Amino acid sequence: MVSSLKKIRALGLSSGGLDSILAALILRDQGIEVEWISFETPFFSSAKARQAACKTNIPVTIKNITQIYLEMLKNPQCGYGKHMNPCMDCHALMFRLAGTIMKNKGFDFLFSGEVLGQRPMSQTKSSLRYVEKHSGIDGYILRPLSVKRLPLTIPEKEGLVNRELLLDFSGRSRKPQMKLAEKFGITEYPNPAGGCLLTDKGYATRLKDLFSHQNTYTEKELHLLKYGRHIRLNNNTKLIIGRTKQDNENIIKHHNASGDIIIKVKGFPGPIVLIPHKTSKDIIIKAAAICVGYSKAPVNTQVDVSAVNSCESEIIKVTGISPKEIKNLLI
């Protein structure tokens, strides 16, 4: 246990994954008081961090950083990974924000569950060093799972943490973490993959389309990129078409009631079609026909379709457009 007259306090960045949990428990075993900060945007959730906090009794603060994150995402200094993931600049931003909280709330240092060499882009020695240099708190970031393979940090030099009781994990194997989890009695933990939508090809393609056609966007619009089929009709208009009942529900949940238009076939099962933002009558009629084409309405038959926005509701009679005819418009 670290001996000090003052209680040592450390703030950790938590994804809610096993590595985050282990890093916190290792420090807590030294008598250090640990808390977590978890950042969220439409691209990644804090749900796993909340669950980890409940299981470990480690306090967690949740902070939405969507607006400041978007500023970085549009032009990351180190560019993107395979899709739209700006991993190094993302980590630097999070540590910079956490560093401000650390200073304001009297924590002694920051920590994370990062493991050297686990991720080929964001967890090499050079990338970890880049993050430190751009975090604004160089020297105050401790990575307990790989600390013995990394340079000494300020909290180690000042005797706030015992380096000898920390670890030297490296590489992509999860076996050392799983063995340590057994020691701590941790039997359930989330899969390490799939946490960030910016690494998903489909989502990234839709996000690029949004960035290229709009200068501003709401948080709801970023959430809507997760659901349904997206069809680009022209530079100013796209449609979002539900694939499932759950898609339909989420489209309704995240739409802007004051400006978006909701289209639905009457009398036959079918999707919700959303037109984000106000548009012309011709576009509404075309969207209604596309909606019919994706519904169970009979082919080559005029059917009633409702178009609803905040100001009015109207019924349009249209014949469906086959999905095959608009396949080239899919985003």
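One structure accompanies this document, and this report is about it. (Residues numbered from 1 in each chain as written. Predicted model: local features only at pLDDT ≥ 70, side-chain atom pairs only at ≥ 80, totals over all residues. Heavy atoms only, no water.)

### Quick look at the pattern of salt bridges
One pass over the full model with this rule turns up 11 salt bridges. Put simply, Asp 304 and Lys 317 hold a salt bridge, and the shortest N to O gap is 2.9 Å. Placement of Asp 304 in strand E10 (residues 303–308) and of Lys 317 in strand E11 (residues 313–318) is noted, with a sequence separation of 13 residues between them. The class of Asp 304 is partly exposed, set by a relative accessible area of 27%. When salt bridges that share partners are traced, they join Arg 9, Glu 33 and Glu 35 into one network. (Salt bridge = Lys/Arg side-chain N within 4 Å of Asp/Glu carboxyl O. Helix = DSSP H or I, 4+ residues; strand = E, 2+ residues; numbered from the N terminus. Buried < 20%, exposed > 50% of the residue type's maximum accessible area, 1.4 Å probe, protein only.)

### Brief notes about helix H4 (residues 87–105)
Between its first and last C-alpha atoms H4 spans 27 Å; for 19 residues at 1.5 Å apiece the expected length is 27 Å, and the two agree. Where H4 terminates, the next one or two residues include Gly 106, which has phi positive at roughly 75°. (Expected span 1.5 Å × (residues − 1).)

### Topic: the layout of surface pockets
There is about 1400 Å³ of room inside the largest pocket. If one sorts the elements of the lining of the largest pocket by residue count, H4 sits on top with 5 residues. Together, 16 residues line the second largest pocket, and Arg 129, Glu 132, Arg 143, Leu 150 and Pro 151 are the ones closest to its centre. Within the residue set of the lining of the second largest pocket, elements represented by two or more residues are helix H5 (125–133), strand E5 (141–142) and helix H6 (154–157). (1 Å grid on protein atoms, 1.4 Å probe; cavity = no way out; pocket = protein on both sides within 12 Å on 5 of 7 lines; lining within 4 Å. Points joined across faces, edges and corners; volume = space filled by probe spheres on them.)

### What to know about the pairing of strand E7 (residues 237–241)
Across the 5 residues that make up E7, a large majority, 5, are buried. Burial along E7 is two-sided: the face carrying Thr 237, Leu 239 and Ile 241 and the face carrying Lys 238 and Ile 240 are both buried. Note: strand E6 (residues 229–234) against E7, 5 bridges, orientation antiparallel. The partner of His 230 across the bridge, within E7, is Ile 240. As defined by bridge partners, E7 adjoins strand E9 (residues 273–275) across 2 bridges and the pair is classed as antiparallel. Pairing of Ile 240 across the sheet is with Leu 274, part of E9. (Pairing = 2+ DSSP bridges.)

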